[in-house]
Amino acid sequence: MKTLIAYSSKTGNTKKIGESILKAFPNGEFKDIDDIDNFDYDLIVVGGWIDKGTLDKKSFNFVKGINEKRVAYFFTLGAFPDSEHANNCIENINKLFLDNKNIILGNFHCQGAIDPKLISWMAKLPSEHPHSPNKERIKRWREASKHPNEKDLKEAYNYFKNL
Ligand SMILES: Cc1cc2nc3c(=O)[nH]c(=O)nc-3n(C[C@H](O)[C@H](O)[C@H](O)COP(=O)(O)O)c2cc1C
């Protein structure tokens with residue numbers, strides 16, 4: 001089976017998960033989305049990071065171009081993996097693929113450290129701002145900073161190995 005693992009990653013979290021997933025596909029090709037020029041694969045696995053509740057722009061636009069293929073996807077995000085926000089992301093991404101009549105075989109996600117530049121920006125926001133630091137958010141940012149960890153990498157591999 002000809003498999004492509006295509007990823008977009010700004011700070012490296014999603015790329016790390018993709019590298020682990022690649023091990024589940026011995027003949028798989030692993031490519032930055034920027035380097036992909038055809039969709040001639042039996043399975044396309046897309047990896048992206050979450051930006052404003054959906055796939056980042058690069059993976060979003062990439063998915064828009066995939067039609068009637070067998071696909072799977074993975075993403076990393078700052079929010080907790082079992083949060084409503086994470087579930088909404090899954091819904092949004094499913095819709096993107098299904099709009100183009102793709103067949104989704106599965107999906108995987110885990111937390112990923114938030115870019116320190118964004119953290120310092122949010123740290124200065126006034127308290128009434130929806131992203132300003134409060135106890136709960138600081139806890140979440142701290143937890144995210146530990147991911148992806150070895151457990152995440154292993155889980156990603158196992159998930160795709162058993163797909
Ligand atoms: C500009 C920006 C917007 C983000 N928006 C969200 C978001 O809406 N929800 C979320 O859970 N995480 C958000 N994050 C966190 C990233 O999705 C997360 O840190 C991810 O692991 C980054 O992946 P990468 O290292 O592959 O670039 C955002 C990060 C940045 C830099």
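The structure we're discussing is the one just above.
A brief structural summary. (Residues numbered from 1 in each chain as written. Predicted model: local features only at pLDDT ≥ 70, side-chain atom pairs only at ≥ 80, totals over all residues. Heavy atoms only, no water.)

1. A closer look at the side chain of Asn102
Phase 1 of the analysis: If you trace the backbone, Asn102 turns up in the loop between α3 (84–99) and β6 (103–111).
Phase 2 of the analysis: We classify Asn102 as buried; its relative accessible area is 4%.
Phase 3 of the analysis: Polar contacts involving the side chain of Asn102 include one to the main-chain amide nitrogen of Lys69, which spans 2.8 Å.
Phase 4 of the analysis: Every residue in contact with Asn102, bar those within four places of it in the chain, is listed here: Ile66, Asn67, Glu68, Lys69, Val71 and Phe97. (Helix = DSSP H or I, 4+ residues; strand = E, 2+ residues; numbered from the N terminus. Buried < 20%, exposed > 50% of the residue type's maximum accessible area, 1.4 Å probe, protein only. Polar contact = N/O pair within 3.5 Å; in protein donor to acceptor, adjacent residues only side chain to side chain. Contact = heavy atoms within 4.5 Å.)

2. Here we look at the site of the ligand
Phase 1 of the analysis: Ser9, Lys10, Thr11, Thr14 and Thr76 are the nearest of the 20 residues found near the ligand.
Phase 2 of the analysis: At 2.6 Å from an oxygen atom of the ligand is found a side-chain nitrogen or oxygen belonging to Thr14.
Phase 3 of the analysis: Between the ligand and Ala113 there is a distance of 2.9 Å, counted from an oxygen atom to a backbone nitrogen or oxygen.
Phase 4 of the analysis: Coverage of the ligand by the protein chains reaches 86% of its 640 Å² of free accessible surface.
Phase 5 of the analysis: Element by element, the count of residues in the shell around the ligand is highest for strand β3 (residues 43–51), at 3 residues.
Phase 6 of the analysis: Broken down by class, the residue content of the shell around the ligand amounts to 7 nonpolar, 10 polar and 3 charged. (Near = heavy atom within 4 Å. Areas by Shrake-Rupley, 256 points an atom, 1.4 Å probe, with all protein chains shown as cover. Nonpolar A, V, L, I, M, F, W, Y, C, P; charged D, E, K, R; others polar.)

3. Considering the nonpolar core
One recurring pattern in soluble globular proteins: nonpolar side chains tend to sit buried together.
Phase 1 of the analysis: Counting 23 residues, the largest nonpolar core has Ile44, Val46, Phe62, Phe75 and Phe97 as its most contacted members.
Phase 2 of the analysis: Among the elements of the structure, β1 (3–7), β3, α2 (57–64), β5 (70–77) and α3 are those that each provide at least two residues to this core.
Phase 3 of the analysis: Among the elements that make up this core, the one with the highest residue count is α3 (6 residues).
Phase 4 of the analysis: Not counting residues within four places of it along the chain, the set of residues in contact with Phe97 comprises Val46, Val63, Ile66, Val71, Tyr73, Asn102 and Ile104.
Phase 5 of the analysis: Ala24, Val45, Cys110 and Phe160 belong to the second-largest nonpolar core, a separate cluster that totals 14 residues. (Core = buried A, V, L, I, M, F, W, Y, C linked by side-chain atoms within 4.5 Å.)

4. Some remarks on the environment of Asn158
Phase 1 of the analysis: Relative to the helices and strands, Asn158 is located in helix α6 (residues 150–161).
Phase 2 of the analysis: With relative accessibility at 36%, the residue Asn158 sits in the partly exposed group.
Phase 3 of the analysis: Each C-alpha atom of the pair Asn158 and Ala24 lies 7.6 Å from the other, and the pair is 134 residues apart in sequence.

5. Overview of the pairing of β5
Phase 1 of the analysis: Taking burial as the measure, the 8 residues of β5 include 7 buried ones, the bulk of the element.
Phase 2 of the analysis: Direction of pairing for β3 relative to β5: parallel, over a ladder of 6 bridges. Bridged to Val45 within β5 is Ala72.
Phase 3 of the analysis: With 7 bridges joining them, β5 and β6 adopt parallel strand pairing. Of the residues in β6, the one forming a bridge with Arg70 is Ile103.
Phase 4 of the analysis: With α3 bridging β5 and the parallel β6, this β-α-β connection has right-handed handedness. (Pairing = 2+ DSSP bridges. Right-handed = clockwise from strand over helix to strand, strands pointing away.)

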